Amino acid sequence: MHFSSAVRVGDMIWVSGCVGAHIETGVIGKTMTEQAKQAFENVKEVLEAAGASMSDIVEIMTFHTDQRGEIAEFIVVKDQYLPNNFPAWTGVGVSQLARPEFKIEIRVVAVIGCGSD
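A brief structural summary.

What follows deals with the side chain of His 64. Relative to the assigned elements, His 64 resides in strand β3 (residues 57-64). Side chain to side chain, His 64 and Thr 62 meet in a polar contact 2.7 Å long. Once residues lying within four places of it in the same chain are set aside, the contact partners of His 64 are Met 32, Ile 71, Phe 74, Gly 91, Val 92, Gly 93, Val 94, Lys 103 and Ile 104.

Let us now look at the packing of aromatic side chains. Overall, the coordinates contain 3 aromatic pairs when judged by the stated rule. With centroids separated by 5.8 Å and ring planes inclined at 25 degrees, the aromatic side chains of Phe 40 and Phe 74 adopt a geometry described as stacked. Of this pair, Phe 40 sits in helix α1 (residues 32-49) while Phe 74 is found in helix α2 (residues 67-81), placing the two residues 34 residues apart along the sequence. With relative accessibility at 0%, the residue Phe 40 sits in the buried group. For Phe 74, a relative accessible area of 0% translates into the label buried. Ring plane angle 40 degrees and centroid distance 5.9 Å describe the contact between Phe 74 and Trp 89, whose orientation is recorded as tilted. A residue pair is termed long-range when its members are at least 10 positions apart, and Phe 74 in helix α2 and Trp 89 in strand β4 (residues 88-93) qualify at 15 residues.

Another aspect to go through is the sheet that holds strand β2 (residues 12-19). Taking strand neighbours across the sheet as the criterion, the 5 strands line up as β1-β2-β5-β3-β4 in an open arrangement whose pairing is mixed. The open sheet has two edge strands, β1 (6-9) and β4, and neither has a second partner. Sheet twist, expressed as the mean angle between neighbouring strand axes with direction ignored, is 10 degrees. Sheet analysis places β2 next to strand β5 (residues 104-111), joined by 6 bridges and oriented antiparallel.

Right, let's get into the side chain of Glu 70. Mapped onto the elements, Glu 70 comes out in helix α2. Sequence-distant contacts of Glu 70, that is, excluding residues within four places in its chain, are made with Met 32 and Lys 103.

Calculation criteria
Counting of residues starts from 1 at the beginning of each chain's written sequence and follows it residue by residue. Thresholds applied to this predicted model are a pLDDT of at least 70 for local features of residues and 80 or more for the giving and counting of side-chain atom pairs; totals over whole chains, interfaces and linings are not thresholded and use all residues. Heavy atoms throughout the structure, all of them, feed into the side-chain values; hydrogens and water do not. Strands are runs of DSSP state E lasting at least two residues, helices are runs of H or I lasting at least four, and both sets are numbered from the N terminus onward. Any pair of N or O atoms that falls within 3.5 Å is considered a polar contact. Within protein, one atom must be able to donate a hydrogen and the other to accept it, and sequence-neighbouring residues count only if both atoms are side-chain atoms. What makes two residues a contact is simply this: any of their non-hydrogen atoms within 4.5 Å. Pairing of aromatic side chains requires ring centres within 6.5 Å, counting the rings of Phe and Tyr and the six-membered ring of Trp. Pairs whose planes differ by under 30 degrees are stacked, by over 60 edge-to-face, and all others tilted. For every residue, the accessible area (1.4 Å probe, protein chains only) is compared with the maximum for its type, and the residue is labelled buried under 20%, exposed over 50%, or partly exposed between those bounds. Each pair of strands is called paired provided DSSP finds at least two bridges between the two strands. Orientation is described by axes fitted as lines to C-alpha atoms, over the contacting stretch for helices, and by angles from 0 to 180 degrees between their N-to-C directions.

In short, the description is geometric, and any link to function would need to be established separately.
Below, the structure is given as structure tokens:
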């Protein structure tokens, strides 16, 4: 689809939207919990490849196909991956994502070295 998983400029990293499918196998989680965990694992992998960690995230934007119905389930997972130093967060309800099976897409902005790791 002609895009980068992330773009780094200096110490800033913009991570493209990550969904609940495994980066290598393409296996898609069935529940919001499974998809959210996989999406965060994908974010983590991309950040680490760019020299950052989850604690370096300063902004998160999430796109939900059933925001009202699944937000509580999503927040439980989000809080496991972002337990403190909370980034700015915008959650958006959307009518569809790239594939009909996708429930969540997560994009982040990080600043290398600003976290507590």
